[in-house]
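Single-letter residue listing:
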Amino acid sequence: MDYRKEIQELRRTLTENGYLYYVLDAPTMSDYEYDHLLRRLEDLEAAHPEEITPDSPTQRVGGQTLTEFQQVTHAVPLESLQDVFDDEEVCRFLEKIPLEHPAYSVEPKVDGLSVALEYRDGVFVRGATRGDGRVGEDVTENLRTIRSIPMTLPEKLPRLIVRGEVYMARSVFEEINARREIEGKPLMANPRNAAAGSLRQLDPKIAAQRRLDIAVFNLQLAEGREFSTHTETIDYLASQHFKVIPHKRLSAPSDILAEIAALGDGREQFPFDIDGAVVKLDDLHDREIIGSTAKFPKWAIAYKYPPEVKPSVVKDIVVQVGRTGVLTPKAELEPVRLAGTTVAFATLHNQDYITQKDIRVGDTVLVRKAGEIIPEIVEVVADKRPAGTKHTQQFRARRLRLTEGVDALHDRAVAAFILERQRLCRTVKDGQPRRAAEPDAVSIRLDTGGAEAMRGQLREQNACAAADLDDLLAGRQIRKQQIRRAGAQLSGMAVR
């Protein structure tokens, strides 16, 4: 077979099977066979580089590392939506639509990063972040690494622009965090932050490793095609091999409210996190008549769900050492799934917080994530408290006895400090110092007398941080003051 024909055939086969695998979740080819065909295509393109095209399956990974992202002006603005927070606000929105028996599309609101994808003559040419809605950043090369984004479309319209939400599937997020924990790297906060950070990597190879996905939810522009309803456009985009947002077309306010509630209750059924539901007028002509305010379209709203609150059990109350040596109590919990991650600890802030809420080991508590990031205890479920629980103040007998001398506590605090500095220390890349991302605070439960050994180990790994530690260990007077301040905090809480 002529190599040009073989290249075209391989591209067609790989593209079709990629669509079946990544979009429809209905693979017909084994991973081994797919990888074998991809390797053959890579070999042919290496032998004939003049045949490489931007839409080739081989070009999804391996673009040049960028020095910065270029700005892109959106041909059609990527508008934001007016937020509402309860059923009453939804009903007021529906009442303001000046139409008889209008229909709406109700969809989950994916908690990710909004992007616009542009196609020319059926070929993907550019992708950009939302930015401020009018100007975003060109992240084309990173978007090419997302396997569910088609590089070519069945219908070759002169120009097509769609909008979607890039996300990291919860299963991928947990897998990456598990690997990062083993490697001693800081954990990602939540799937949304992970997706946003991955899409803005200057090196597309890093973005490819993050295995991002997308849900397309709007047709922005279609030259050579006309549509009458939003649901019609979503169905069309599905026929063009896009992975589209789940949606229902409803009219009755009671049905719309019921669907909003059902999406919230069933959020775990989706591979992505959601933070709300979107209600959009379905008729495109009516949308133009109703128009927009200076900030939002008048024909759509975003119903925002309150933070997830779930029950768990306090297994223990321990103390953590912050970056500056401040000691903070935290609750060790029975693991619970919350806002996209598995939570096993919650901050308790200080002794007053524990006393006010009367939090005890063994208590059933309600947990949420403050700002969708930091786990915290909302309240104690008093009627589920087991018999024999003790107030947290009764743990004082198990604290470190300061009468043993400052040095005993000092060794443990410095050991914790060294571990933190090992992860926070300045590193050098390309001749420029930089600071690594801040990790969670390190528990004070460490072996005594290990400061010098840890410092030696750290010195071998990173000379930059060792200098800082020399200053710390040399400053005896300052050190005592720091430890005495920490000791004062310890007087009201347990240290194991």
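Keep in mind the model is a prediction, meaning the values are calculated, not measured.

1. Notes on the pairing of strand S3 (residues 104–110)
For step 1, the next point in the chain: Most of S3 is tucked away: 6 of the 7 residues are buried.
For step 2, the next point in the chain: Across 3 bridges, the pairing between S3 and strand S9 (residues 248–250) is antiparallel. The residue of S9 that forms the bridge with Ser105 is Arg249.
For step 3, the next point in the chain: Judged from the 7 bridges that link them, S3 and strand S10 (residues 274–281) form a sheet pairing that is antiparallel. Across the sheet, the residue bridging to Val110 is Ile274, located in S10.

2. Section: the side chain of Gln240
For step 1, the next point in the chain: In this fold, Gln240 is placed in the loop between helix H8 (230–239) and S9.
For step 2, the next point in the chain: What makes Gln240 buried here is its relative accessible area of 5%.
For step 3, the next point in the chain: Setting aside anything within four residues of it in sequence, one finds Gln240 in contact with Pro150, Leu153, Pro154 and Glu155.

3. Things to note about the environment of Leu24
For step 1, the next point in the chain: Tracing the backbone through its elements, the reader meets Leu24 in the loop between helix H1 (3–22) and helix H2 (31–47).
For step 2, the next point in the chain: Its relative accessible area of 44% is what places Leu24 among the partly exposed residues.
For step 3, the next point in the chain: A C-alpha to C-alpha distance of 7.8 Å links Leu24 and Lys243, two positions 219 residues apart in sequence.

4. Here's the deal with the pattern of salt bridges
For step 1, the next point in the chain: Per the counting criterion, the structure on display carries 30 salt bridges.
For step 2, the next point in the chain: In this structure, the salt-bridge partner of Glu9 is Arg12, at a minimum N-O distance of 2.4 Å. Taken as a pair, Glu9 and Arg12 lie in helix H1 at a separation of 3 residues, close to a single helical turn.
For step 3, the next point in the chain: When its relative accessible area of 35% is taken as the criterion, Glu9 is described as partly exposed.
For step 4, the next point in the chain: Of the residues examined, Arg12 reaches a relative accessible area of 39% and is grouped as partly exposed.
For step 5, the next point in the chain: Here Glu308 and Lys310 are joined by a salt bridge, their closest N and O atoms 3.7 Å apart.
For step 6, the next point in the chain: For Lys310, a relative accessible area of 21% corresponds to the partly exposed category.
For step 7, the next point in the chain: Several salt bridges share partner residues, and in doing so they unite Glu118, Arg120, Arg126 and Arg159 into one network.

5. What to know about the nonpolar core
For step 1, the next point in the chain: With 64 residues, the main nonpolar core has Leu117, Leu143, Leu160, Phe242 and Ile260 as its most contacted residues.
For step 2, the next point in the chain: Per-element accounting of this core gives the leading share, 6 residues, to strand S8 (residues 213–222).
For step 3, the next point in the chain: In this view, Leu143 contacts Val115, Leu117, Phe124, Gly127, Ala128, Ile149, Val166 and Leu199; residues no more than four positions away in its chain are not counted.

6. Topic: the sheet that holds strand S4 (residues 113–120)
For step 1, the next point in the chain: Pairing is antiparallel across the open sheet formed by 4 strands, whose spatial order is S5-S4-S7-S8. What marks the edges here is a single partner per strand, and that holds for strand S5 (123–129) and S8. On average, each strand axis in the sheet is inclined to that of its neighbour by 25°, with strand direction left out of account.
For step 2, the next point in the chain: Looking at chain direction, S4 and strand S7 (residues 159–167) are connected through 8 bridges and run antiparallel. Within S7, the residue paired with Leu113 across the bridge is Val166.
For step 3, the next point in the chain: Here H8 sits on the sheet and contacts S7 and S8; the angle it forms with S8, its principal contact strand, is near 120°.

7. Description of the packing of helix H3 (residues 87–96) against helix H9 (residues 253–265)
Two packed helices can be described by the angle between their axes and the distance between those axes.
For step 1, the next point in the chain: Orientation of H3 relative to H9, taken along the N-to-C sense of each, is 140°, at an axis distance of 11 Å. Here H3 is positioned oblique relative to H9, judged by the angle of their axes. For the element pair H3 and H9, the recorded crossing hand is right-handed. Two secondary-structure elements touch here, H3 through Asp87, Val90, Cys91 and Leu94 and H9 through Pro253, Ile256, Leu257 and Ile260.
For step 2, the next point in the chain: Of the residues in the contact of H3 with H9, the class split is 7 nonpolar, no polar and 1 charged.

8. What about H9?
For step 1, the next point in the chain: In this model, H9 (13 residues) spans 18 Å end to end at C-alpha, consistent with the 18 Å of a helix rising 1.5 Å per residue.
For step 2, the next point in the chain: For H9, the complete set of buried residues consists of Ile256, Leu257, Glu259, Ile260, Leu263 and Gly264. Down the axis, H9 shows its buried residues gathered within 160° of arc, on one side only. More than 90 degrees from the buried face of H9, the exposed residues found are Ser254 and Asp265.
For step 3, the next point in the chain: Its buried side turned inward, H9 meets H3, S3, S9, S10 and strand S11 (300–304).

9. Considerations on the sheet that holds S9
For step 1, the next point in the chain: The mixed open sheet is built from 5 strands, whose spatial order is S2-S11-S10-S3-S9. This sheet does not close on itself; its edge strands, each paired only once, are strand S2 (82–84) and S9. On average, adjacent strands in this sheet sit at an angle of 30° to one another, irrespective of strand direction.
For step 2, the next point in the chain: For S10 and S11, the ladder comprises 5 bridges, and the chain directions are antiparallel. In the strand pairing of S11, Val279 is matched with Ile301.
For step 3, the next point in the chain: On top of the sheet, H3 reaches S2, S3, S10 and S11; it is set at about 175° to S11, its chief contact.

10. Observations regarding the confidence of the model for the protein chain
For step 1, the next point in the chain: For the protein chain, the mean per-residue pLDDT works out to 79, and 74% of the residues sit at or above 70.
For step 2, the next point in the chain: Per-element averaging of pLDDT across the protein chain places strand S19 (residues 442–443) at the bottom with 34 and H8 at the top with 98.
For step 3, the next point in the chain: Considering only residues more than four positions removed or in separate chains, one finds that residues 394–412, a stretch of pLDDT under 50, has 34 contacts.
For step 4, the next point in the chain: Scored below 50 in pLDDT, residues 414–496 shows 135 contacts in the model against residues more than four places distant or in partner chains.

Definitions and limits used
Residues numbered from 1 in each chain as written. Predicted model: local features only at pLDDT ≥ 70, side-chain atom pairs only at ≥ 80, totals over all residues. Heavy atoms only, no water. Buried < 20%, exposed > 50% of the residue type's maximum accessible area, 1.4 Å probe, protein only. Helix = DSSP H or I, 4+ residues; strand = E, 2+ residues; numbered from the N terminus. Pairing = 2+ DSSP bridges. Contact = heavy atoms within 4.5 Å. Salt bridge = Lys/Arg side-chain N within 4 Å of Asp/Glu carboxyl O. Core = buried A, V, L, I, M, F, W, Y, C linked by side-chain atoms within 4.5 Å. Axes fitted to C-alpha atoms, helices over the stretch in contact; angles between N-to-C directions. Parallel < 35°, antiparallel > 145°, perpendicular 65-115°, else oblique. Left-handed = near helix turned anticlockwise from the far one by under 90°. Nonpolar A, V, L, I, M, F, W, Y, C, P; charged D, E, K, R; others polar. Expected span 1.5 Å × (residues − 1). Arc of directions from axis to C-beta. pLDDT = per-residue confidence, 0-100.

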